Amino acid sequence: MTSAAPPQAAGVMFCGDKPLDLSTPQLMGVLNITPDSFSDGGQLYRDGELRADVLCRRAEAMVDAGVAVLDIGGESTRPGATAVSEQEELDRVLAALAVIESRFDAIISLDTSSPRVITEGAAAGAAVINDVRALRRPGALEAAAAAGLPVCLMHMRGEPGDMQDQPHYDSVVDEVSTFFAERIKAVELAGIPRSRVLLDPGFGFGKTPEHNFTLLRRLGEFLVLGCPLAVGLSRKSMIASVIDRTMDQRVSASIALALMAAERGARLLRVHDVRESSDALAMLTAMEQVGL
Ligand code: 7PJ
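Quick caveat, the model's predicted, so the values are computed rather than measured.

A. Fine view of the site of the ligand. Of all residues adjacent to the ligand, which total 12 residues, the nearest are D111, N130, D200, K236 and R270. R270 has a polar side-chain atom sitting 2.8 Å from an oxygen atom of the ligand. Protein contacts shield 95% of the accessible area of the ligand, which totals 390 Å² for the unbound molecule.

B. The pattern of salt bridges, seen in detail. This structure, assessed with the given rule, holds 11 salt bridges. Residue R92 is joined to E88 by a salt bridge in which the shortest nitrogen-to-oxygen separation is 3.1 Å. With R92 and E88 both in helix α2 (residues 86-100), this residue pair falls four residues apart, about one helical turn. Residue classification places E88 among the partly exposed residues on the basis of a relative accessible area of 28%.

C. Molecular detail of the packing of aromatic side chains. Counted according to the given criterion, the structure contains two aromatic pairs. For the pair F179 and F180, a centre-to-centre distance of 6.4 Å together with 55 degrees between the ring planes defines the contact as tilted. A relative accessible area of 11% means that F179 is categorised as buried. By relative accessible area, F180 is classed as buried at 1%. Plain terms: the ring middles of F180 and F222 are 5.3 Å apart, the flat faces sit at 80 degrees to each other, and that makes the pair edge-to-face. Of this pair, F180 sits in helix α5 (residues 172-189) while F222 sits in the loop between α6 (209-217) and β11 (229-232), and the two are 42 residues apart along the sequence.

D. Just the environment of R133, in detail. Structurally, the position occupied by R133 is in the loop between β8 (128-131) and α4 (140-147). Among the residues examined, R133 registers a relative accessible area of 5% and is labelled buried. Taking the C-alpha atoms as reference points, R133 and R157, separated by 24 residues in sequence, lie 9.1 Å from one another. Contact partners of R133, with chain neighbours within four places excluded, come to E75, S113, M154, M156, E159 and P160.

E. A look at the pairing of strand β9 (residues 151-154). Of the two faces of β9, both are covered, the one formed by V151 and L153 as well as the one formed by C152 and M154. As paired strands, β8 and β9 are joined by three bridges and run parallel to one another. What sits directly across from D131, in β9, is L153. Once the chain exits β8 it traverses α4 before rejoining the sheet at β9, and the crossover so formed is right-handed. Inspection of the sheet shows β9 paired to strand β10 (residues 197-200) by four bridges, in the parallel sense. Bridged to V151 within β10 is V197.

F. Broad picture of the side chain of H211. Checked against the element boundaries, H211 lands in helix α6. Assessed through its relative accessible area of 13%, H211 is described here as buried. Residue contacts for H211: discarding those within four places in its chain leaves P167, H168, Y169 and V172.

Definitions and cut-offs
Residues numbered from 1 in each chain as written. Predicted model: local features only at pLDDT ≥ 70, side-chain atom pairs only at ≥ 80, totals over all residues. Heavy atoms only, no water. Near = heavy atom within 4 Å. Polar contact = N/O pair within 3.5 Å; in protein donor to acceptor, adjacent residues only side chain to side chain. Areas by Shrake-Rupley, 256 points an atom, 1.4 Å probe, with all protein chains shown as cover. Salt bridge = Lys/Arg side-chain N within 4 Å of Asp/Glu carboxyl O. Helix = DSSP H or I, 4+ residues; strand = E, 2+ residues; numbered from the N terminus. Buried < 20%, exposed > 50% of the residue type's maximum accessible area, 1.4 Å probe, protein only. Phe/Tyr/Trp six-rings, centres within 6.5 Å; stacked < 30°, edge-to-face > 60°. Contact = heavy atoms within 4.5 Å. Pairing = 2+ DSSP bridges. Right-handed = clockwise from strand over helix to strand, strands pointing away.

Here is the structure:
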């Protein structure tokens, strides 16, 4: 299949007209426009209102720290979260895009599964679709293909409401690989070339701590699928399965996990603590640049 994307240097993925250089690991900063997200709910959106000034300061700090991508989400997908209506999600996301898009040059991704949010968000300047449901919601695949943007396809077993009810796999790595292969085929059939696909094993989404650590340890095995790998490990509960830490005490462990993932081939790291993550990544990149 031929791609309509501009000619690409090795490791560069075009997000609309902006190049994302994945030849070294890059950061994606999390901006949750929700009252109830996993670790930062209510900071940027409270009492039905976007806190535009806080959002601007947060985005600016992320851009200053060197993040390549700002990830805007209007739906909480933490375990047990209640569903949000498509209209409510759309209102949150469009309000945030209106604040950020004109002010910052960073690539904006949308953490969404909703076809309407994909279509209208892309029209409002979003340049990557990051879907924890891997475009399985009816209409999402077609909406993403029509938007012509890169997609991040994440593995999730079940739905946020029930995904942590005793997840079981015979082999978590094989089952996630099979899922990726099936989703790559589906997006290619819909007209999204593999060169615009990122894959994410979905840490914490329908997985026990052992599943999560197995996926991390064997992350490099997914590289044979030929797509760059994205990971979200920041502040996740797999940390608390090892050390008893509240959400805001998980920074050091999050950075350790991010570095392990980057060493195993991850190229896009979804993080909350951008300055600390960026400093840590700079050390890895410096080491890798000296060669063997
Ligand atoms: C992830 C995500 C992740 C990708 C969330 C949280 C929960 N998108 N959205 N990967 N997690 N691609 O921030 O902890 O792991 S929401």
